[in-house]
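Chain by chain, the residues:
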Amino acid sequence: MTGKIVQGTWAMLCAATVGLAGCAGDNSQSPVDAPGAAKTPTTATLEAGAGIMQNKPPLQALDTYLDGFHFYNGRMSGQMEAHHYCTALNEEVFQCAIYDANTAKAKLMGVEYIISKRLFEGLPAAEKQLWHSHVHEVKSGQLVAPGIPEVAETRLMKNLVSTYGKTWHTWHTEQGNALPYGVPQLMMGFTADGQIDSQLVGERDRRMGIDSEAKKHARESINAPVIDPGADAWQKGQVWQIKDPTGHAH
């Protein structure tokens, strides 16, 4: 696949997921409730009308659901689950809206941009340090696509294994923040066994009916590409983060 995100794969996945939507959501709750008055009947009516009368192409294009884990760049102890709702803009650029849950009350937690190996190699060195590799996320079984057949998920993971992601979180609900306090924070992905909190993965697996270890073994045949030395810069002590002027600790 030469590291490209092939649109044909997404067409196959969409076909495979018909009738499986219930298996791929509504089982992970947001850890916080946003403050504010309850919706009025007027707001509910307006929402219902808008849902029927308005087209929402950008949202409708978010047709692929991925579940994985992130940590704060420079602080691996700050770990959390991340629900990605994604679309392929073309064969080499992919964008995701990240939520803290997969229910209707999930909080928009951030964004992730994913690009192919070819595009990543063309980035300036200073830019590369903001990106992370996906090899371990795929090979470890941590990254999953809930609700689709295993053959389709494996095909998807073969496309993702050589890609790179740039992730920003804007609402840190895993810290109990009921509102999006502070500034965006750069996130990273795990690169080796023993880094992630096994209880975090185990809780996700039980809730979703997933076996990450089984997926790890099933993905042994996926070739692990050589990772560009400019990615995962935190491993070399090159940690970059936005300083929060509010003094909020991340």
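Residues numbered from 1 in each chain as written. Predicted model: local features only at pLDDT ≥ 70, side-chain atom pairs only at ≥ 80, totals over all residues. Heavy atoms only, no water.

### What about the nonpolar core?
Thinking step 1. With 17 residues, the main nonpolar core has L66, F94, V138, L143, M157 and L160 as its most contacted residues.
Thinking step 2. Elements represented by at least two residues in this core include exactly β2 (75-88), β3 (93-99), α6 (135-139) and α7 (150-160).
Thinking step 3. Among the elements that make up this core, the one with the highest residue count is α7 (four residues).
Thinking step 4. In this view, M157 contacts L66, V138, L143, V144, A145, R219 and I222; residues no more than four positions away in its chain are not counted.
Thinking step 5. In terms of nonpolar packing, the next biggest core, distinct from the first, is built from 15 residues, I115, W131, M188 and W234 among them. (Core = buried A, V, L, I, M, F, W, Y, C linked by side-chain atoms within 4.5 Å. Buried < 20%, exposed > 50% of the residue type's maximum accessible area, 1.4 Å probe, protein only. Helix = DSSP H or I, 4+ residues; strand = E, 2+ residues; numbered from the N terminus. Contact = heavy atoms within 4.5 Å.)

### Comments concerning the pattern of salt bridges
Thinking step 1. Within the structure shown, the criterion is met by eleven salt bridges.
Thinking step 2. Ionic pairing is found between K117 and E121, a salt bridge with its closest N-O pair at 2.3 Å. Of this pair, K117 and E121 both sit in helix α4 (residues 117-121), four residues apart, which is roughly one turn of that helix.
Thinking step 3. Residue classification places K117 among the partly exposed positions, given a relative accessible area of 26%. (Salt bridge = Lys/Arg side-chain N within 4 Å of Asp/Glu carboxyl O.)

### Focus on the side chain of T173
Thinking step 1. For T173, the location among the structural elements is in the loop between β6 (164-169) and β7 (185-188).
Thinking step 2. Note on T173: relative accessible area 1%, which makes it buried.
Thinking step 3. Not counting chain neighbours up to four residues away, the residues in contact with T173 comprise P31, V32, D100, K107 and M109.

### A word on unusual backbone geometry
Thinking step 1. Unlike most non-glycine residues, D232 shows phi in positive territory, near 50 degrees.
Thinking step 2. Here D232 lies in the segment after α9 (212-218).

### Section: the pairing of β6
Thinking step 1. Most of β6 sits out of view: six of its six residues are buried.
Thinking step 2. The sheet contact formed by strand β4 (residues 108-115) and β6 spans six bridges and is antiparallel. Each residue of the ladder has a partner; that of V111, found in β6, is W168.
Thinking step 3. Here β6 runs beside β7; their pairing, made up of three bridges, is antiparallel. Note on β7: the bridge partner recorded for W168 is L186. (Pairing = 2+ DSSP bridges.)

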